[in-house]
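Structural features, examined
Spelled out from the first residue to the last, the chains are:
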Amino acid sequence: MTANLPRRPVGVAFIIESLGSGGAERQLVELACRLDRTRFAPRVLTFLDDDFFASRLERHGVPHCRVRRK
């Protein structure tokens, strides 16, 4: 039997082509910003430079990383 140790939040990566001004992008950002941070640690990965919603992620402390495709 284990003691009641504090648990680390589970990392969650959201992957989407860009953070452009579309509906799927808006929903992803809303979800990432509203997750319970005591349980989850969200991250967003994109492929393109369109960062319409990037400032909202920054305000909520959600890391955003752009990954270049080869």
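Now for a description of the structure that goes with this document. (Residues numbered from 1 in each chain as written. Predicted model: local features only at pLDDT ≥ 70, side-chain atom pairs only at ≥ 80, totals over all residues. Heavy atoms only, no water.)

What follows is about the overall build of the protein chain. The helix and strand tally for the protein chain stands at two helices and three strands. Moving toward the C terminus, one meets the helices and strands of the protein chain in the order β-α-β-α-β. Here the protein chain has a C-alpha radius of gyration of 14 Å; the compact-globule value for 70 residues is 11 Å, and the former is much larger. Counting only residues that meet the buried cut, the protein chain has 26% of its 70 residues in that class. Within the protein chain, contacts between residues separated by at least 24 positions form 58% of all contacts whose residues are at least 6 apart in sequence. (Helix = DSSP H or I, 4+ residues; strand = E, 2+ residues; numbered from the N terminus. Rg over C-alpha atoms; globule rule 2.2 N^0.38 Å. Buried < 20%, exposed > 50% of the residue type's maximum accessible area, 1.4 Å probe, protein only. Contact = heavy atoms within 4.5 Å.)

Inspection of the sheet shows strand S1 (residues 10-16) paired to strand S2 (residues 40-46) by seven bridges, in the parallel sense. Across the sheet, residue Phe14 finds its bridge partner in S2, namely Val44. Taking the sense of rotation as the criterion, the β-α-β connection linking S1, helix H1 (residues 23-34) and S2 turns out right-handed. (Pairing = 2+ DSSP bridges. Right-handed = clockwise from strand over helix to strand, strands pointing away.)

Within the structure shown, the criterion is met by one aromatic pair. Summarising the aromatic geometry, the rings of Phe52 and Phe53 are spaced 5.0 Å apart at their centres and angled 90° between planes, so their arrangement reads as edge-to-face. (Phe/Tyr/Trp six-rings, centres within 6.5 Å; stacked < 30°, edge-to-face > 60°.)

On to the environment of Leu57. Relative to the helices and strands, Leu57 is located in helix H2 (residues 54-59). Sequence separation of Leu57 and Arg43 is 14 residues, and the distance between their C-alpha atoms is 9.3 Å. Setting aside residues up to four positions removed in sequence, Leu57 forms contacts with Leu19, Val29, Ala32, Cys33, Val44, Val62 and His64.

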